[in-house]
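Coordinate analysis (summary)
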Amino acid sequence: MVNQEENIDDKGVKIVRTTSAFDCGGRCPLRFHVKDGKIIRIEGDDTADPDKQLRACLRCRSLRGYLYHPDRLKYPLKRAGPKGSGKFERISWDEAYDIIVTKIKEVIEKYGNQSILAISNGGYFGALHLPAVAYARLFNSLGGFTTSYGNISSQGAIFGTQASYGFGQIFVGHSRDDWMNSKLIILWGFDPARMIGGTNTLWWLIKAKENGAKIIVVDPRYSDSALILADQWIPIIPGTDVAMMAAMAYVLIKENLQDQEFLDKYTHGFDKYKTYVMGEEDGIPKTPEWAEKICGVNASIIEALAREYATTKPAALEDAQGPARSYMGGQYNRAAITLSAMTGNIGKHGGSACGGLHGIPYGHMFRSIAIPPGINKAYPKGKSLRGNINPRDRLDTRIHVNKIFDGILKGKSGGYPADIKFAWFVQCDFVNQIGNVNKSRKAMQREDLFTVVPELWLTPTAQYADIVLPATSFAARSDLTRPWPSGPYFTHMNKAIEPMGECKDDLTIAEELAERLGIENFGREHVLEGFLNSMRKSVKTAVEQYDNVNDKFLRVFSVVAADVRQHVKDYDKYKRDSVHRVELKEPYVAFQKNIEDFENNPFPTPSKKIEIYSDQIASWNNPLCPPIAAYIPTWENRDDPLAEKYPLQFLSFHPRHSVHSELQKIEWLQELGLHRLWINPIDAEPRGVRNGDIVLVYNDRGTIAVPAWVTKRIIPGVVAMPEGAWYSPDEEGIDRGGCANTLTKDEMSEGGAAALKTCLVEVKFEKGGA
């Protein structure tokens, strides 16, 4: 059995090897130096092999400022002023539980289970302490609840990937070392220097460049990744990617550069896409000249990129989730997949499958304890696009994640499944991170809505709660965690410190509430007993050596999770080291088996092939969601009449100095001054804006104040800034915190993507910078 006390040195410092559980794009081994019960220093992975080392970024290196910040919540709070005022009074856990239990019973009796909304959409990723599952078990044990479907980050990419490769196909990446086989890498809207995209992603891209690969970046911004990696930057107008990709396909078809043998054997519906591209369907050939007028990229550059991509073997086109987080949605990913198929790069070393989801199937464990039956089954039924991710089906107890506050405001009269009277928001700052924050604020201010928020901080969402419950940080938990998409490794979180104040983990909160609600057989001990009764004696013996139920559960999970069981043979070493690296004989390649042995490994689509044309989507007969990756202009683009009033396209991107809305209060990170609006000199000069000035960015949905950064690293007509800053409206309603979603729309694409990157604004000078 692992004994962390063995790591204590002669100065009384214990080194605890662990990892974080943030929704940050990475998953990095950490070494906490603990003395007298407090973390005094944080170091990263000390693996000697530079190709295996998993390097922590500035966010994890600054975690002491997060864990010990004076604003951390330590005690239960009850609202003591108007919703959103931030006025709370400290109460006991008993009082908090009494209030919550009374309200739950009252709401169920008066309005039914569907009037309870409980959602979690990120913030913490672990097998045991996953908050979404803890509270889903609680509310399903009471008879069910309403929740969300879709996710803010990747729903567009999920739609595009599953439409092309089949239901359940989300691990469509290669292991990062496979870029060493690539001759050409195209980063299309992919900025791993900021969003990470797997802990070692940037490392391997740098190595690939040193190995001779040419790297081209397609992006409206000269991103940090472009700054580090790009041999060529191709700036593009936001929302027009599908048009440019169609024009590249036109060049390939016209010059007979497509891999027709690959298309004939492995794909379905290319003939229909060809008909669209060549203009046989609508009389408009999708030529580079046609695309240039739409996307702003010179026709000759489009032609050259198409030829280079088609003739350089192998080549990796790496699309991303970001551009799909728009009304264009998964059509962008479907277009990238189509190009990769046309060039025969799918299932090949050095190529790519595209799809925006760069995951590989190593380290992705099953999600915690089984959820008991109830009205809500946690996931919609049916192995189809329409049954799982398409918003055209009104699921009885689910609201699209980008529409939850619209659902709270409008209820059944607005076509939603319930009139929400009780909301439980779990460690994800929904008010801040969903489109149209001012609408979210209005919904949260409803006096007939009772809200509970378990949190570490008094976030913008928590400020509107009736009860706030202090939750433990990952440093006070043990858990199995998964890497971000790159793998291939498994991580183990080891408890380093005791909970601060009266903080409790979500599983404990759910269990204690269950006891007060009279729910039997709910606790970990009961569930663990059920697992052990079905397991062989050797597993029971291995589990019994651990002292507490959490450690026993983690040992059980290491057996139940098939991918862990397959690769981790020494659990105690895995726990002690906090990481287990999977040794691959060769780089992992998505769909390699499908391509090399197609007859025995068909794709899980209706046609058993890669679907360039989707008969499922065609059956919906929705002109805004075509069955091929066709370009459709979006609302709030440059041609929208609204552009007369709001002429600038607005983008938000991942911050380097925070994890979405987490880590916002760490002074060390805020001192970097990275929260600012990128604006091109051509747009800044006529508005009288200089570098460092405070500007107002506004549209009909709201106004934010933010410093300006005048730079040629963004194209004219587009402004951009990091997302995640905390919403903080002043008396005039101006958001002085500079939350990007004060400006964005709470709408979704036809494939379910949160359309946060389809947005028009205007900018004006407010005052000079310091």
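Scroll up for the structure.
Counting restarts for each chain: residues are numbered from 1 in the order of the written sequence. Predicted model: local features are reported for residues with pLDDT of at least 70 only, side-chain atom pairs are reported and counted for 80 or more only, and whole-chain, interface and lining totals are derived from all residues. No hydrogens and no water enter the side-chain calculation; it runs on all heavy atoms of the structure.

**Side note on the overall build of the protein chain**
Quick note on the threshold: Secondary structure is summarised from DSSP: a helix means a run of H or I of at least four residues, a strand means a run of E of at least two, and numbering begins at the N terminus for each. For the radius of gyration, the atoms used are the C-alpha atoms, and the globule rule reads 2.2 Å times the number of residues raised to 0.38. Throughout, exposure labels follow a simple rule: accessible area from a 1.4 Å probe, protein chains only, divided by the maximum for the residue type, with under 20% read as buried, over 50% as exposed, and the rest as partly exposed.
When helices and strands are counted, the protein chain shows 28 helices and 26 strands. At 26 Å, the protein chain has a C-alpha radius of gyration in line with the 27 Å of a compact globule built from 770 residues. Each principal axis of the C-alpha distribution contributes one length, and for the protein chain these read about 70 × 60 × 55 Å. Here the protein chain holds 770 residues, and 63% of them are scored as buried.

**Observations concerning the pattern of salt bridges**
Worth spelling out the cut-off: Any carboxyl oxygen of Asp or Glu that lies within 4 Å of a side-chain nitrogen of Lys or Arg is treated as forming a salt bridge with it.
Taken as a whole and judged by the stated rule, the model has 45 salt bridges. One salt bridge connects Arg 31 with Glu 43, and the closest N-O pair in it is separated by 3.2 Å. Within this pair, whereas Arg 31 is found in strand S2 (residues 29–35), its partner Glu 43 is found in strand S3 (residues 38–43), the two being separated by twelve residues in sequence. With respect to burial, Arg 31 and Glu 43 carry one shared label: buried. Asp 51 is the partner of Lys 207 in a salt bridge, and the nearest nitrogen-oxygen pair spans 3.2 Å. One end of the pair, Lys 207, is in helix H7 (residues 201–210); the other, Asp 51, is in the loop between S3 and helix H1 (58–61), with 156 residues separating them in the sequence.

**Some points on the sheet that holds strand S17 (residues 479–481)**
So the rule is basically this: Pairing between strands is defined by DSSP: at least two bridges between the two strands are required. Helix axes use the C-alpha atoms of the stretch in contact, all axes being lines fitted to C-alpha atoms, and the angles between their N-to-C directions lie in the range 0 to 180 degrees.
Taken together, three strands build an open sheet; the order of strands is S17-S18-S19 and the sheet is antiparallel. Strand pairing shows two members of the sheet lacking a second neighbour, S17 and strand S19 (579–581), which therefore form its edges. The average undirected angle you get between the axes of adjacent strands in this sheet is 20°. Taken together, the three bridges between strand S18 (residues 489–493) and S19 define a ladder with antiparallel strand orientation.

**Digging into helix H12 (residues 288–295)**
Here is the rule we go by: Picture the helix axis, draw a direction to every C-beta atom, and the arc is the one those directions span. It only takes one pair of heavy atoms within 4.5 Å for two residues to be counted as in contact.
Regarding H12, the residues found buried are Pro 288, Trp 290, Ala 291 and Cys 295. Projection of H12 onto a plane perpendicular to its axis shows the buried side chains occupying an angular sector of 150°, all on one side. Its buried side turned inward, H12 meets helix H9 (241–254), helix H11 (270–277) and helix H13 (299–311).

**Examining the state of the cysteines**
The condition that has to hold: Count a disulfide wherever a pair of cysteine sulfur atoms falls within 2.5 Å.
Inspection of every chain in the model, using the stated rule, returns zero disulfides. Its sulfur unpaired, Cys 57 is 6.2 Å from the next cysteine sulfur, which belongs to Cys 60. Unpaired in this structure, Cys 428 has its nearest cysteine sulfur neighbour in Cys 739, at a distance of 12 Å. You can call Cys 428 buried: its relative accessible area is 15%.

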